[in-house]
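Report on the structure
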Amino acid sequence: MNDTLFSIAQSWCAGESSLNCTEELLDWIRKRNETIAVEIQKIAFPKDGFWFYDYENGCIRNQNSSFFSITGYRQRRAGRTVCSQPIIMQEEIGYLGILCRKIDGVMHFLMQAKIEPGNVNKIQISPTIQATKSNFTRKHGGASPPYLEYFLNAGKYEIIVDQIQSEQSSRFYKKRNRNIILHVEEEIPVLPSHRWMTLGQIKRLMREDNLVNMDTRTVLSCIPFSKLNLQPLVLSGLSDCFRDKSLFRSVFLGDGQNKLPRIYQYINNWKMFQNVDCELLPLHELEDWEMRGNEFVCKHPYPFKVIFCNILIEGREVRHWTQPLFEATGIATFGLICCEEDGVLRFLVKATSEAGCFDGIELGPTIQREAAAFRQEEDAVSRYFSDCLKCGKGVLFDHLLSEEGGRFYQEQNRNLLIKANIQDLPALPEGYFLLDYHTLNELVQVNNVLNIQLRNLISLLEA
């Protein structure tokens, strides 16, 4: 494992590949977009059909009770309703899996050019396999996804990552997926839908709006660099490959402080003492929601609504189907502030509770702000972030990246990395933590501690 992790760390610094240069990869995506047929139409919700409203159970589901359903959710605190909305029920755990292999001495990752019905731009760069359990057990009646056998037989290979991680808890109810990376030494046949890339190339492609999908980002965020154990001379050589030395020290050395007890103390106190009552209820009992035209919408501004679509995609296991999708009503902002202290880069994270969070609360980014029309809570940190953004101070990354296209319709959100002077930060309110990458990387090895927005932002960091 140590040698493989070292090779992956080197691949992080490899901005190009002897197999496919980055421009060739962009051209590959462009040509596939030009030749593949995709047609997505919003339609009226069918009164009967494969998908229907099950009035008895109060949910939107399909006739096979497979894939997912949509039901009502309500959360109360101290007897007051604080959240009332539709929520996606998808109890099954799917694969988000990437195969990696050393080619010409450099670790490469086998990535897929994949279309999801909700993608804003057709094809996005996805993991080797991205499949729900209903999908890979062929509940849809179509073919099995390619490369499935590697992950079903993962024990035959070197397992780099195998984690059950949360999905978007504001839309999903306790939804999780299996994030897995396998190192394979044998030759792997490469389909036209797949290409080998270095980790550095993938991170470079994340700077293209809506190109590298959410599933790729979450899987790569789980690579356990904190487990890498190197001799000083080898570590020094790896450091030479990193332009940002404070990031290098943050990843591979850390700041020497054990902040895990304080983090868990805060999280466990929240779980023990927070007075939150949650319940699932029929959609027709959501008082603030109604059918308006062909959409299920909230009567007041809300981050999303439910729509229904007719979908035709060439090259999928199933080419034509209909399904409901959640459509965002604006662009959310996910921001991560970082700052250097004693030569080590630290990241400002916040303990965040969301409606469908599997364990109630997870660590999220500095800022996790839904569309502007939705009510927001302000504090000293969020005001500081807004001030930095307003004047463009310290912005390292600012791009639109897509959310999960299998359940969300054309949702793209603004992802920001901002570097600040630690002396300029306001006093941190309760629930905020300033942590090095090494600590975050230790925490991501535990299920359901870092939320998907934070994991996605961590994945954006370039050597």
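It should be emphasised that the depicted structure is a prediction, and the values quoted were computed from it without experimental measurement.

Digging into unusual backbone geometry
Positive phi, close to 50°, is recorded for alanine 78, a residue that is not glycine. A positive phi angle, near 65°, is found at lysine 122, a position not held by glycine.

With respect to the pairing of strand β17 (residues 320-328)
In terms of burial, β17 is a largely internal element, seven of the nine residues being buried. Here strand β16 (residues 304-313) pairs with β17 via nine bridges, running antiparallel. Each bridged residue has a counterpart across the sheet, and for phenylalanine 308 the counterpart in β17 is proline 324.

Considerations on the pairing of strand β6 (residues 94-103)
Within a regular strand, side chains alternate between the sheet's two faces. Burial within β6 is extensive, with nine of its 10 residues counted as buried. Here β6 runs beside strand β11 (residues 176-183); their pairing, made up of seven bridges, is parallel. Looking at β11, one finds that isoleucine 98 is bridged to isoleucine 181. Sheet topology places β6 next to strand β9 (residues 129-131); three bridges connect them, and they run antiparallel.

As for the packing of helix α7 (residues 232-239) against helix α8 (residues 245-252)
Packing of α7 against α8 leaves a shortest axis separation of 10 Å and a crossing angle of 140°. If you check the angle between α7 and α8, you find them oblique. Considering how the two elements wind past one another, α7 and α8 form a crossing that is right-handed. Where α7 approaches α8, its residues Leu235, Leu238 and Ser239 are matched on the opposing element by Lys245, Phe248 and Phe252.

Thoughts on the layout of surface pockets
For the largest pocket, the calculated volume is near 1300 Å³. If you go around the largest pocket, you meet 40 residues; those closest to its centre are Lys350, Thr352, Ser353, Gln368 and Glu377. Those elements giving two or more residues to the lining of the largest pocket turn out to be β4 (69-77), β5 (80-89), α9 (260-273), β19 (344-352) and β21 (367-369). It is β5 that provides the largest number of residues to the lining of the largest pocket, a total of four residues.

Some remarks on helix α2 (residues 22-35)
For α2, with 14 residues, the first-to-last C-alpha span of 20 Å sits near the 20 Å given by 1.5 Å per residue. Those residues of α2 that are buried lie in contact with β7 (106-115), β8 (123-126), β12 (194-197) and α5 (199-205).

Quick look at the pattern of salt bridges
Summed over the entire model, instances satisfying the criterion amount to 22 salt bridges. Here arginine 292 and glutamate 290 are joined by a salt bridge, their closest N and O atoms 2.7 Å apart. For glutamate 290, a relative accessible area of 28% corresponds to the partly exposed category. A salt bridge links lysine 305 to glutamate 295, with the nearest nitrogen and oxygen atoms 3.2 Å apart. With lysine 305 in strand β16 and glutamate 295 in strand β15 (residues 295-298), the pair connects residues that are 10 residues apart, well separated along the chain. Classification of lysine 305 by relative accessible area gives buried; the value is 18%. Taken together, the salt bridges that share partners define one network made up of Asp27, Arg30, Lys31 and Glu34.

Here we look at helix α6 (residues 214-221)
Across the eight residues of α6, eight count as buried, placing the element largely inside the fold. Among all positions in α6, only Met214, Asp215, Thr216, Arg217, Thr218, Val219, Leu220 and Ser221 are buried. At the N-terminal boundary of α6, the capping side chain belongs to asparagine 213, with an oxygen 3.2 Å from the backbone nitrogen of aspartate 215.

Quick look at the environment of threonine 22
Mapped onto the elements of the fold, threonine 22 is located in helix α2. Spatially, the C-alpha atom of threonine 22 lies 8.3 Å from that of arginine 204, the residues being 182 residues apart in sequence. Those residues within four positions of threonine 22 in sequence are excluded, and the remaining contacts are Gly15, Glu16, Gln201, Arg204 and Leu205. At 3.4 Å, the side chain of threonine 22 forms a polar contact with the side chain of glutamine 201.

Some points on empty space enclosed by the protein
A full pass over the atoms with the stated rule returns four cavities of 30 Å³ or more. Of the pockets and cavities examined, the largest cavity occupies roughly 60 Å³. Along its surface, the largest cavity is lined by Gln168, Ser170, Arg171, Ala332, Phe334, Glu370, Glu403, Phe408, Glu411, Asn413 and Gln453. Grouping the amino acids of the lining of the largest cavity by side-chain chemistry returns three nonpolar, four polar and four charged. Each pocket or cavity is described by its volume, and for the second largest cavity that value is around 50 Å³.

Regarding the nonpolar core
Generally speaking, soluble globular proteins have nonpolar side chains that are buried together. Judged by nonpolar contacts, the single largest core of 81 residues is most densely connected at Trp12, Phe109, Phe225, Phe252 and Leu363. Residues contacting phenylalanine 109, with those up to four places away along its chain left out, are Ile8, Ser11, Ile98, Leu99, Cys100, Arg195, Trp196, Met197, Thr198, Leu199, Ile202 and Leu220.

Here we look at the side chain of glutamine 85
Tracing the backbone through its elements, the reader meets glutamine 85 in strand β5. Owing to a relative accessible area of 4%, glutamine 85 belongs among the buried residues under this scheme. Engagement of the side chain of glutamine 85 in a polar contact is seen with the backbone oxygen of serine 170, the distance being 2.9 Å. In this structure, glutamine 85 is in contact with Thr71, Gly72, Tyr73, Ser170, Leu286, Trp289, Tyr302, Phe304 and Ala355, ignoring residues within four places of it in sequence.

Notes on the environment of tryptophan 270
Residue position: tryptophan 270 is located in helix α9. Exposure remark for tryptophan 270: the relative accessible area of 18% places this residue in the buried category. Taking C-alpha positions, tryptophan 270 is 9.6 Å from alanine 351, a pair spaced 81 residues apart along the chain.

Calculation rules
- Residues numbered from 1 in each chain as written.
- Predicted model: local features only at pLDDT ≥ 70, side-chain atom pairs only at ≥ 80, totals over all residues.
- Heavy atoms only, no water.
- Buried < 20%, exposed > 50% of the residue type's maximum accessible area, 1.4 Å probe, protein only.
- Helix = DSSP H or I, 4+ residues; strand = E, 2+ residues; numbered from the N terminus.
- Pairing = 2+ DSSP bridges.
- Axes fitted to C-alpha atoms, helices over the stretch in contact; angles between N-to-C directions.
- Parallel < 35°, antiparallel > 145°, perpendicular 65-115°, else oblique.
- Left-handed = near helix turned anticlockwise from the far one by under 90°.
- Contact = heavy atoms within 4.5 Å.
- 1 Å grid on protein atoms, 1.4 Å probe; cavity = no way out; pocket = protein on both sides within 12 Å on 5 of 7 lines; lining within 4 Å.
- Points joined across faces, edges and corners; volume = space filled by probe spheres on them.
- Expected span 1.5 Å × (residues − 1).
- Salt bridge = Lys/Arg side-chain N within 4 Å of Asp/Glu carboxyl O.
- Polar contact = N/O pair within 3.5 Å; in protein donor to acceptor, adjacent residues only side chain to side chain.
- Nonpolar A, V, L, I, M, F, W, Y, C, P; charged D, E, K, R; others polar.
- Core = buried A, V, L, I, M, F, W, Y, C linked by side-chain atoms within 4.5 Å.

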